[in-house]
Amino acid sequence: MLKIYNTLTRKEEEFHPLVPGKVSMYVCGPTVYNYIHIGNARSAIAFDTVRRYLEFLGYEVRYVSNFTDVDDKMIREAHEENTTVPALAEKYIAAFMEDTKALNIEPATMHPRATQNIPEIINFVKTLIEKGYAYEVDGDVYYRARKFKHYGELSGQSLDDLETGASEHVSADEVQKKEDPLDFALWKAAKPGEISWESPWGKGRPGWHIECSVMSTRYLGKTIDIHGGGQDLEFPHHENEIAQSEAATGQKFVRYWMHNGFVTIGKDNEKMSKSLHNFITVHEIIQHVDPQVLRFCMSTTQYRRPIQYSDDTLEDAANNLRHIKTALQNLTYRQSDAVDGADKEVSQKVKDFDQQFRDAMDDDFNVQNGIAVVYELVKYANVYAQQGTVYRAGLVALTNKIEQLMSIFGIDLDAASQETSIDDEHIQKLIAERDQARKDRNFKRSDEIRDELKKKGIILEDTPQGTRYRKA
RNA sequence: GGUGGUAUAGCCAAGUGGUAAGGCACGGGUCUGCAAAACCCUUAUCAUCGGUUCAAAUCCGAUUACCACCUCCA
């Protein structure tokens, strides 16, 4: 039975979707004014892994993730890059799709954009005004936070404490307009020259929080199963979403709130963020780091834990991943002399490992325990592949299970299990020559050939079944 | 100031009452002509102090350190 830690109740709860067999999931996506950094990637990877596990369990997952393509930062950055807000959005949305593809993050069922939902946003705001939850001042529309009686429940804060914090930060301009420092903007009046849309309150654009309420309602319904995002979105973003959605629909907004931990960097383990200017973009990191390694590193860290970004962390991940790939190559290699027929013991073992894996992952996506099961499976597979007699069905069963479990972490290893074929005649000759040299006990020559091939990225290994080669 | 989180071997990390999973790195070994790969072996009294208990990393209390949110941020 899958259990999920719900931020709202701060407890692990059994997961029962609203509609049996189907899961609706909304994950807050990035503001597209820059390349995504590793922290953004972490969130996308964490929830992609959640999605993949849910699908592995047999759920049909409808996954929506938005792009914030208009806000203050978009406007400022467009100005700095001497371009328009829509052009800026196109550029970085394309980059997002490219970067997430490299990390093997499945595209969402839908990637709606704020600017594609303006009429719906306006209607939503109108509803909130009609219900008395919002008010218009000089072309701005604000939400009356205190009017919503559950305000503060997600972040566990009292309204007065929140107000103490809020009043330190509101601008003088806002103080004059807002009824209360806690109130937040639903609609912002346009300043001269800014991108804007017509509305009942004059030209303007949506506030940040309203888009998620609108898009999740529009594409997933009034009540959704899972809403995900970074821990930094808990307050105020998600708090505000709840206030907007529940006030407008009168129904429960989200059944399970999930928040991922940060990527930290530096010796102080500081949060990587755009405002701290200590971020590394995915765009640049994948120039010199295998994206699969980055993916593996992140998807095998439980989503709520922080990940310390460092070369050591990545190196560990690379070593672990190589170990798993080698096991698959070992299994494939033995197919050449495998015997036909079933292997009951292997089938049973594979079932046992599968169950252990589920038990681990069912505990709030405990990927650390999940991957530990994979390591055990890999060890078992390595031992099996070195037995005197191996059955083809056994090799295939082990291969398939390893590949299946790894795919939940977003690692596709099909290619790894394909034995490298070498069509270069020259290399084939060298390998044959080395075999002869070894028979003649001319080890000087055989080692020369091995070194030479190694320089070309081909590794030779001598096994009881003969000489084996693979690419480094 | 308010709220939440974290502290386990060189590093990453599991473990929510019965004398510490797993991985990486290190060292030793098996196999090998030598390697490689694989496998085996070896490594900790769990931040500190106090309490509850036959028994605590695990429960309670206090303390310390670090991180995050309370303002845009995944």
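Starting from 1, residues in each chain are numbered consecutively following that chain's sequence as written. Starting at A for chains and at 1 for ligands, labels are handed out in the order in which the entities are written. Residues qualify for local features only when their pLDDT is at least 70, as the model is predicted, and side-chain atom pairs are given and counted only at 80 or more; totals for whole chains, interfaces and linings, by contrast, use all residues. Values reported for side chains reflect all heavy atoms of the structure, with hydrogen atoms and water molecules removed beforehand.

A. Just the domain arrangement of chain A, in detail. Domain limits in this description derive from either an automatic procedure or a database domain assignment. Here the domain parsing of chain A yields domain 1 (3-299), domain 2 (311-407) and domain 3 (424-471). A C-alpha centroid distance of 56 Å is found between domain 1 and domain 3.

B. Looking closely at the sheet that holds strand S9 (residues 224-230). When DSSP locates at least two bridges between a pair of strands, those strands are taken to pair. For the purposes of this entry, the term helix denotes a DSSP run of H or I that reaches at least four residues, the term strand denotes a run of E that reaches at least two, and both are numbered from the N terminus. Strand order in the open sheet made by the 4 strands is S4-S3-S9-S10, with parallel pairing throughout. Every other strand in the sheet has two partners, leaving strand S4 (60-65) and strand S10 (254-260) as the edge strands with one partner each. On average, each strand axis in the sheet is inclined to that of its neighbour by 20°, with strand direction left out of account. One ladder, built from 6 bridges, connects strand S3 (residues 22-27) with S4; its direction is parallel. Each bridged residue has a counterpart across the sheet, and for Val23 the counterpart in S4 is Val61. When checking whether two residues touch, look at their non-hydrogen atoms; a contact exists if any pair is within 4.5 Å. Only the contacting stretch of a helix is used when fitting its axis, a line to C-alpha atoms as for every element, and angles between N-to-C directions run 0 to 180 degrees. Strands in contact with helix H1 (residues 38-56) are S3, S4, S9 and S10; relative to S4, the strand with the most contacts, it is inclined by about 165°.

C. Region of the structure containing the packing of aromatic side chains. Between rings of Phe, Tyr and Trp, where Trp is taken as its six-membered ring, a pair exists when centres lie within 6.5 Å; planes separated by under 30 degrees are stacked, by over 60 edge-to-face, and by other angles tilted. Applying the stated criterion to the full structure yields 18 aromatic pairs. Aromatic side chains Tyr135 and Tyr142 sit 6.0 Å apart centroid to centroid with 35° between the ring planes, which places their arrangement in the tilted category. Residue classification places Tyr135 among the buried residues on the basis of a relative accessible area of 7%. For each residue, the accessible area found with a 1.4 Å probe, counting protein chains only, is set against the maximum for its type, and the residue is called buried under 20%, exposed over 50%, and partly exposed in between. According to the relative accessible area criterion, Tyr142 is buried, its value standing at 3%. Between Tyr303 and Phe365, the aromatic rings sit 6.2 Å apart at their centres with planes inclined by 75°, giving edge-to-face as the arrangement. Of this pair, Tyr303 sits in the loop between helix H10 (291-299) and strand S13 (307-309) while Phe365 is found in the loop between helix H12 (344-361) and helix H13 (367-385), placing the two residues 62 residues apart along the sequence. The same class applies to Tyr303 and to Phe365, which are both buried. Here the aromatic cluster, defined as three or more aromatic residues joined through ring pairs, consists of Tyr53, Phe56, Tyr303, Phe357, Phe365 and Phe409. For a Lys NZ or an Arg CZ to count as sitting over a ring, it must be within 6 Å of the ring centre and within 35 degrees of the ring normal. The residue whose ring lies beneath Lys271 is Phe262, and the NZ or CZ to ring-centre distance is 4.7 Å.

D. Here's a closer look at the environment of Leu430. One can find Leu430 in helix H16 (residues 425-439). The exposure class of Leu430 is buried, given its relative accessible area of 6%. For the pair Leu430 and Leu453, spaced 23 residues apart in the sequence, the C-alpha separation amounts to 8.5 Å. The residues touching Leu430, leaving out its near neighbours within four places in the chain, are Arg445, Ile449, Glu452 and Leu453.

E. Just a negative patch on the surface, in detail. Where like charges cluster on the molecular surface, the negative patch consists of Asp311, Asp312, Glu315 and Asp316. Inspection of the secondary structure puts Asp316 in helix H11 (residues 311-333). Residues enter a patch when their relative accessible area is above 30% and they make no salt bridge; the linking distance is 9 Å between like charges and 5 Å between nonpolar side chains (Val, Leu, Ile, Met, Phe, Trp, Tyr). Under the convention used here, a 1.4 Å probe and the Shrake-Rupley method define accessible areas, while residue burial counts only the protein chains that appear. The salt bridge definition used is simple: a Lys or Arg side-chain nitrogen within 4 Å of an Asp or Glu carboxyl oxygen. Neither His nor the chain termini are counted; the positive set is Lys and Arg, and the negative set is Asp and Glu. Note on charges: their place is set at NZ of Lys, CZ of Arg, CG of Asp or CD of Glu.

F. How the structure looks around the nonpolar core. Ranked by size, the top nonpolar core spans 90 residues in total, and within it Leu54, Phe357 and Met406 carry the most contacts. Each of two domains, domain 1 (3-299) and domain 2 (311-407), supplies a minimum of three residues to this core. Setting aside its immediate chain neighbours within four residues, Leu54 contacts Leu2, Phe15, Val23, Met25, Tyr59, Val61 and Ile226. Among buried residues, the Ala, Val, Leu, Ile, Met, Phe, Trp, Tyr and Cys ones that are joined through side-chain atoms within 4.5 Å form a nonpolar core. Judged by nonpolar contacts, the second largest core, of 40 residues, contains Tyr143, Phe148, Tyr151 and Ile210.

G. Quick look at the protein's contact with RNA strand B. A molecule or strand has a residue near it when one of that residue's heavy atoms lies within 4 Å. Looking at RNA strand B, there are 61 residues lining it, with Lys73, Trp208, Gly230, Leu233 and Asn320 nearest. The contact atoms of RNA strand B, taken as those within 4 Å of the protein, divide so that sugar and phosphate hold 67%. Polar contact is the term for a pair of N or O atoms within 3.5 Å; when the atoms are in protein, one must be able to donate a hydrogen and the other to accept it, and sequence-neighboring residues count only if both atoms are side-chain atoms. Taking Asn260, its side chain carries an N or O atom lying 3.3 Å from a base nitrogen of RNA strand B. Separating a base nitrogen of RNA strand B from a side-chain N or O atom of Asp447 is a distance of 2.7 Å. Considering every element that reaches the surface near RNA strand B, the biggest residue donor is H13, with 7 residues. Residues are grouped as follows: nonpolar covers Ala, Val, Leu, Ile, Met, Phe, Trp, Tyr, Cys and Pro; charged covers Asp, Glu, Lys and Arg; every other residue, Gly included, is treated as polar. Partitioning the surface near RNA strand B into residue classes produces 14 nonpolar, 29 polar and 18 charged.

H. Spatial organisation of the pattern of salt bridges. Under the defined criterion, the tally for this structure stands at 33 salt bridges. Measuring nitrogen to oxygen at the nearest pair gives 3.3 Å for the salt bridge that ties Arg218 to Glu120. Of the two residues, Arg218 sits in helix H7 (residues 208-220) while Glu120 sits in helix H4 (residues 118-130), which places them 98 residues apart along the sequence. Residue classification places Glu120 among the partly exposed residues on the basis of a relative accessible area of 26%. For the salt bridge of Asp180 with Arg146, the shortest nitrogen-to-oxygen distance reads 2.8 Å. In this pair, Asp180 is assigned in the loop between helix H6 (172-177) and strand S7 (184-189) and Arg146 in the loop between strand S6 (140-143) and helix H5 (159-167), connecting sequence segments 34 residues apart. One salt-bridge network, in which partners are shared between bridges, spans Asp48, Arg51, Arg52, Glu55, Glu106 and Arg295.

I. Broad picture of the packing of H4 against H7. At their nearest, the axes of H4 and H7 sit 10 Å apart, and the two run at 105° to each other. Viewed along their axes, H4 and H7 adopt a mutual orientation that is roughly perpendicular. In contact with Glu120, Ile121, Phe124, Val125 and Leu128 of H4, H7 contributes Ile210, Glu211, Ser213, Val214, Thr217 and Arg218. For the contact of H4 with H7, the residue count by class is 6 nonpolar, 2 polar and 3 charged. Any angle that falls under 35 degrees is termed roughly parallel, while one over 145 is termed roughly antiparallel, one within 65 to 115 roughly perpendicular, and all others oblique.

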